[in-house]
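Below are the chains, spelled out letter by letter.
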Amino acid sequence: LYWLNNFQLIIENTSKCNIFVLNTLFKAGYKTPKENALSRDLFNDELFQDFMPIVSITSLSDIITGDLIVWKTHVIIFESLVYVKEKPYAVGIWAGTSQKDNGKTIINNVNYNKYPLKGDFKVRRPQKDFQ
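The shown structure was predicted, so the numbers you read here are calculated from the model rather than taken from an experiment. (Residues numbered from 1 in each chain as written. Predicted model: local features only at pLDDT ≥ 70, side-chain atom pairs only at ≥ 80, totals over all residues. Heavy atoms only, no water.)

S.K.: Could you clarify how one ought to interpret the packing of aromatic side chains in this entry?
M.R.: For any pair of aromatic rings, the description consists of the separation of the ring centres together with the inter-plane angle of the planes. Scanning the model with the defined rule gives 4 aromatic pairs in all. Ring centres 5.8 Å apart and planes at 55 degrees place the aromatic pair W71 and F121 in the tilted group. Highlighted residues: W71 in strand β3 (residues 68-71) and F121 in the loop between β7 (110-116) and β8 (122-124), separated in sequence by 50 residues. For W71, a relative accessible area of 10% gives the class buried. A cation sits over an aromatic face here: K122 above F43, 4.2 Å from the ring centre. (Phe/Tyr/Trp six-rings, centres within 6.5 Å; stacked < 30°, edge-to-face > 60°. Helix = DSSP H or I, 4+ residues; strand = E, 2+ residues; numbered from the N terminus. Buried < 20%, exposed > 50% of the residue type's maximum accessible area, 1.4 Å probe, protein only. Lys NZ or Arg CZ within 6 Å of the ring centre and 35° of its normal.)

Encoded structure:
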């Protein structure tokens, strides 16, 4: 589900990961940007540090449930770390898949599955909004 000005927004088969992540965080009571932020904005070290800081990790085990894993063109909400054939994967949730709904791991263009932890990525740790 996506929300804009507190109204449900349905974007069939074109859901974007950044919109999904920011709306999920907002609905869960976390601080989010006042305007939509693209994945490349979330990847930018200089933006959103006051409420969604980039955290330094020395190993993949430093990533915690609820962290955002951000690439220049994609973002996911992290749940856990798994290894498949000795390669690291983030179990998490994201939107924007071309796969059809299967009623289990893909529903309404939102995917809950493994995502390869490779390439240049950053980890952000969203902060709760206590207001």
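S.K.: Mind showing me how you'd approach the environment of R124 here?
M.R.: In this structure, R124 sits in strand β8. Separated by 76 residues in the primary sequence, R124 and F48 have C-alpha atoms spaced 9.5 Å apart. Not counting chain neighbours up to four residues away, the residues in contact with R124 comprise D41, L42, N44, L47, F48, Q49, M52, P53, I54, D67, L68 and V70. Polar contacts involving the side chain of R124 include one to the main-chain carbonyl oxygen of L42, which spans 2.5 Å. (Contact = heavy atoms within 4.5 Å. Polar contact = N/O pair within 3.5 Å; in protein donor to acceptor, adjacent residues only side chain to side chain.)

S.K.: Explanation requested: unusual backbone geometry in the structure shown.
M.R.: One can expect most non-glycine residues to show negative phi and most peptide bonds to be in trans. Even without a glycine there, the phi angle at F48 is positive, about 65 degrees. Positionally, F48 belongs in the loop between α2 (39-43) and β3. A positive phi angle is found at K85, which is not glycine, with a value near 50 degrees. A relative accessible area of 79% places K85 in the exposed class.

S.K.: Which parts of the structure should I look at to understand the pattern of salt bridges?
M.R.: It is possible for side chains of opposite charge to pair when their charged atoms get near one another. Taken as a whole, this structure holds 2 salt bridges when the rule is applied. Here K122 and D45 are joined by a salt bridge, their closest N and O atoms 2.4 Å apart. With a gap of 77 residues between them, K122 in strand β8 and D45 in the loop between α2 and β3 connect regions that are remote in the sequence. Overall, K122 belongs to the buried group, its relative accessible area being 18%. (Salt bridge = Lys/Arg side-chain N within 4 Å of Asp/Glu carboxyl O.)

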